[in-house]
Amino acid sequence: MTESAHAEGNAEERADRASAGVWSGSWVAERLGVELAGDEALPALLGLALRRNPKRAHLLVSNVLGKHVPQSPSVVYGHGVALGCRVRDLLGAEEAARAVVLGYAETATGLGHCVADGLGPAAYLHSTRRPVAGVARAGGFEESHSHATSHLLLPRDPELLAGDGPLVLVDDEFSTGNTVLNTVRALHERYPRERYVVVALVDTRSPADTGRLEEFAREIGARVDLVTAASGTVRLPPGVLEKGQELVARHEAPPVEPPTEHGGGPSAPPARPGPSGSVARVGLRWPDGLPDGGRHGFTTAHRERLEAALPGMAARIAEALPADARRVLVLGFEELMYAPLRLAHALEETTGAEVRYSTTTRSPVLAVDDPGYAIRTRLVFPAHDDPADGPGERYAYNVAGAGFDAVVAVVDSAADTPALHAPDGLPARLAAHVPHVLLAVVPSYVPGATRAPYAPERPSMLPEPLRGPAFSSYAPDEVGWLLQDLSDVTLEAPTEEREEAIQRGGAHYAESLPVEYQPSEQYQQLFHAALGTSAARLARAVGAVTEVVLTERSPRPVLVSLARAGTPVGILMRRWAHFRHGLDLPHYAVSIVRGRGIDANALRWLAEHHDPADVVFVDGWTGKGAITRELAAALRDFEDTDGVTGFDPEIAVLADPGSCVRTYGTRDDFLIPSACLNSTVSGLISRTVLRADLVGPHDFHGAKFYRELAGADLSPAFLDAVSARFPDATDAVDAQAKELLSADRAPTWEGWAAVERISEEYGIHDVNLVKPGVGETTRVMLRRVPWKVLARAGAGADLDHVRLLAEQRGVPVEEVDDLPYTCVGLIHPRYTRGATGADGRAVAL
């Protein structure tokens, strides 16, 4: 029997089994004890599968989404439009007309677009994992449980998200609410509005999560509604993750016989193609300038153009199909879900063939050829769109063996690469199982691609760096500050007031300053004692990281510290280079703001005065790695907007306890005394400020110089105490640097994983409120409203100052076994003034 005939036989057998009422989640449910309880419609909407994922082993597989399971396009489109109509009814016609719909990549990009269609005259945007040259980010967020977490928002018009109309967020599944709440929190901070609507095909939140949406709405002072097609709960027995991983490992083992597509896990080798079908192209004549989807925004005018063009494009596909094709699959491509869906829907209405629709995906899922399992077969092929995260496998599920006479593979032009047409590329893999393969290419829409590259207007000359003693207590040759002086502006606010405003979304932390902490005599004594005991260790770390930089990064680097915590470290590295090698390295300090990026004008100044390839960004330590990610994203944006290449996003740090970077002096989590104080150990400079009424498009970010604190300044003393230990540290530095240069220093991001775990274990559900490491914990105690401190059991003198601050502020210190950091500071998760409990309610101290 040929493979095609075998596929037809499988299709008939599966139809018989489906008619027998076998639920496509029964295989997983029986083996893992997973239960799907709730609406009667849930089993028809969802099946279950397994994946190799350290965060969640089971996968809810939608039967109506058109991602993993081929489905009638009218069913897929109908479910999304119906949800959109319900949102329209909820909002009313006037509010619906002002709404913006945001869908999630990759799974819900098409669903979100369908919801926008049902809603009416609503603009649509979906997040993306594909950076696009020339398009700056309007935002981004993380999806904690996904196999690929980083989302970008890249609207053609940055004002798309800036309106005050309702924002409708669409995902296929509302499981914990974390992704949606993180998105709303990030967007509300930047674009506050009064109303949000969350839309999903299914709501499977646990009872513990169901109340969080209402609490969150109160927290940000906005209304948040939820619209779903069905709801229920996935009940997981104890140990389900370990059992699931064991089950995946057992079934993903490569088969002994010649490999087929009916099993195997994410890393199983691809099968060799069988007898090949034909592969041909079909021209769509896609309208010029019409976006291929919502990656950069999709408006009512775009919708009208698409509707007018669909019948003609469907007719061209129908003409290219074999006359005897009875069963046809239109196969979309990862985030490109909506255009293939609408083409499939139009084809369904113009041809007598049975049309089904699904898409390829990045998500690795185990395939098991059993009627009670949602993912029956799997095709594996290499990524073909030059993804930003590098090459890797991609998948098409339930295509092989499904009895299709033809497959129409729809990709965008960015993915029409040599890798697509390689012997193991997608068309070849499809042709091994289907008699006829058509390839349809939709032009990748890039805003402004036909216009001259964007060149931001800017003044002909940026200001020169600020230097001491006019700005900071550091010597003028130690550091040049690429900042503007805001010393005469009142920016300080009480810590409690700032915290409440930040957590309600009404302010960004960089728009104000905390009142400078004035240390008690007892605390100052702790600082001096800590400096005395750690100066030698600091000297070794400074020397080691500097030697690594000089060896691997540049023989004459330009040190650019991230103000302000990085600035003392940059000065010490500069001093080591002069002490050991006689080098007089340039050193500047620049501002970077979480959620806002690095100061682009500072980058422009650096690019005009130095080779970007020589620039080495410097910071004190890593926590969970948020600034590491922020810098990498900001430099990509800068390269797109300004066309300046060469800046390396790798940060050099003294201590990397979060395992976030390759260039460090140590990965131990120990006390760096400069973390103990604020400006009085950082040249009397405040943390940086970014506020629209103070910082214009041609200005550096701002900061204050606290000249009035000169009598308490310990900045030179700190630097001199560490520098004095350089001669004694030389031999140890040589040995440590040699060891580092020969070691595998690839980041493991262990810190990020630990922060996610702590966030969930302590009911915080926001990684930005978990600050790991001695330095970050100290910042929490000095500048935020702390809830509690987690300390590694047995931690010694490194935590003396933290314990004292905790005692002074009435903050409990909880000892924890197996903590990956020496300590972790938890910011009050639902802070309002007078509240101390994790639930945001006031309790007696």
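Small disclaimer: the values here were computed from a predicted structure and weren't measured.

Novice: Could you clarify how one ought to interpret the overall build of the protein chain in this entry?
Specialist: Across its full length, the protein chain holds 23 helices and 33 strands. Burial analysis of the protein chain (845 residues in total) assigns 60% to the buried set. For the protein chain, contacts bridging at least 24 residues in sequence account for 77% of all contacts bridging at least 6. Within the structure as shown, the protein chain displays about 31,900 Å² of accessible surface, and the carbon and sulfur contribution to it stands at 51%.

Novice: Even after reading the chapter, I still don't get the sheet that holds strand β27 (residues 651-655), so can you show me in this structure?
Specialist: Sheet strands line up and pair through hydrogen bonds in the backbone, either parallel or antiparallel. The 6 strands are arranged β18-β23-β22-β26-β27-β28 in an open sheet whose pairing can be described as parallel. Lying at the two open borders of the sheet, with one neighbouring strand each, are β18 (480-481) and β28 (663-666). Judged from the 4 bridges that link them, strand β22 (residues 558-562) and strand β23 (residues 587-590) form a sheet pairing that is parallel. Residue S561 lies in a different strand from β23, and its bridge partner there is A589.

Novice: In this structure, what is going on with the pattern of salt bridges? I would like to understand it.
Specialist: Pairs may arise between side chains of opposite charge once their charged atoms sit close together. Tallied over the entire structure, the rule returns 39 salt bridges. E246 serves as the salt-bridge partner of R250, at 3.7 Å between the closest nitrogen and oxygen. Taken together, the residues R250 and E246, both in helix α10 (residues 240-251) and 4 residues apart, mark about one turn of the helix. In this structure, R250 and E246 share a single accessibility class: exposed. When the shortest N-O distance is used, the salt bridge between R662 and E552 registers 3.8 Å. Of this pair, R662 sits in the loop between β27 and β28 while E552 sits in helix α15 (residues 521-553), and the two are 110 residues apart along the sequence. The exposure class of R662 is partly exposed, given its relative accessible area of 34%. Beyond isolated ion pairs, a larger network of salt bridges with shared partners links D117, R303, E307 and R342.

Novice: What should I look at first to understand the packing of aromatic side chains in this one?
Specialist: Describing an aromatic ring pair means giving the distance of the ring centres and the angle of the ring planes. Under the criterion given, the structure shown has 12 aromatic pairs. Judged by centre distance (5.1 Å) and plane angle (80°), the rings of W27 and Y373 are edge-to-face. Here Y373 lies in the loop between β13 (354-360) and β14 (378-382) and W27 lies in helix α2 (residues 26-32), a separation of 346 residues in the sequence. Judged by relative accessible area, which is 1%, Y373 ranks as buried. A centroid spacing of 6.0 Å and a plane angle of 75° characterise the contact between F471 and W481, whose relative ring orientation is edge-to-face. Of this pair, F471 sits in the loop between β17 (436-442) and β18 while W481 sits in strand β18, and the two are 10 residues apart along the sequence. A single burial state applies to F471 and to W481, both of which are buried. By the ring-pair criterion, three or more aromatic residues cluster together here, those being F471, Y474, W481 and F705. Above the face of the Y77 ring, R342 is positioned so that its terminal group lies 4.5 Å from the ring centre. Note that R629 overlies the ring of W749, its terminal NZ or CZ placed 4.7 Å from the centroid.

Novice: I'm lost on the packing of α15 against helix α16 (residues 566-581) in this one. Help?
Specialist: Two quantities define a packed helix pair, namely the angle between the helix axes and the distance between the axes. The contact between α15 and α16 brings their axes to 9 Å, and the two run at 75°. The orientation of α15 relative to α16 falls into the category roughly perpendicular. Where α15 approaches α16, its residues A539, V542, G543, V545, T546, E547, V549 and L550 are matched on the opposing element by L572, M573, W576, A577, R580 and H581. A class-by-class count of the residues in the contact of α15 with α16 yields 9 nonpolar, 3 polar and 2 charged.

Novice: How should the side chain of S561 be read in this particular structure?
Specialist: Relative to the elements of secondary structure, S561 occurs in strand β22. Classification of S561 by relative accessible area gives buried; the value is 0%. Within the local environment of S561, its side chain forms a polar contact with the side chain of H587, the two groups lying 2.9 Å apart.

Novice: I would appreciate a short explanation of the nonpolar core in the present structure.
Specialist: As a rule of thumb, soluble globular proteins bury nonpolar side chains together. In terms of nonpolar packing, the biggest core is built from 136 residues, with V168 and Y373 touching the most fellow members. Grouped together as the second largest cluster of nonpolar side chains are 71 residues, L572, A703, A791 and L799 included.

Novice: Whenever I open this one, the pairing of strand β32 (residues 813-816) confuses me. Can you help?
Specialist: Side-chain direction in a regular strand flips from residue to residue, so the side chains alternate between the two faces of the sheet. Sheet topology note: the strand β31 (residues 786-792)/β32 ladder contains 4 bridges and is parallel. From the neighbouring strand, V789 faces β32, where its bridge partner is V813.

Novice: Help me understand the sheet that holds strand β12 (residues 327-333), please; the structure alone is not making it clear to me.
Specialist: Across the sheet, 5 strands lie side by side as β11-β17-β16-β12-β13; this open sheet has parallel pairing. Since the sheet does not close on itself, it has two edges, and those belong to β11 (278-281) and β13, each with one partner. Pairs of neighbouring strands in the sheet enclose a mean axial angle of 20°, with direction left out of account. The sheet contact formed by β11 and β17 spans 4 bridges and is parallel. Along β17, the bridge assignment pairs A280 with L438. Across the face of the sheet, helix α12 (residues 338-350) comes into contact with β12, β13 and β16 (406-412) while running at roughly 175° to β13.

Procedures and definitions
Residues numbered from 1 in each chain as written. Predicted model: local features only at pLDDT ≥ 70, side-chain atom pairs only at ≥ 80, totals over all residues. Heavy atoms only, no water. Helix = DSSP H or I, 4+ residues; strand = E, 2+ residues; numbered from the N terminus. Buried < 20%, exposed > 50% of the residue type's maximum accessible area, 1.4 Å probe, protein only. Contact = heavy atoms within 4.5 Å. Areas by Shrake-Rupley, 256 points an atom, 1.4 Å probe, with all protein chains shown as cover. Pairing = 2+ DSSP bridges. Salt bridge = Lys/Arg side-chain N within 4 Å of Asp/Glu carboxyl O. Phe/Tyr/Trp six-rings, centres within 6.5 Å; stacked < 30°, edge-to-face > 60°. Lys NZ or Arg CZ within 6 Å of the ring centre and 35° of its normal. Axes fitted to C-alpha atoms, helices over the stretch in contact; angles between N-to-C directions. Parallel < 35°, antiparallel > 145°, perpendicular 65-115°, else oblique. Nonpolar A, V, L, I, M, F, W, Y, C, P; charged D, E, K, R; others polar. Polar contact = N/O pair within 3.5 Å; in protein donor to acceptor, adjacent residues only side chain to side chain. Core = buried A, V, L, I, M, F, W, Y, C linked by side-chain atoms within 4.5 Å.

Worth remembering: the numbers are spatial, not functional.
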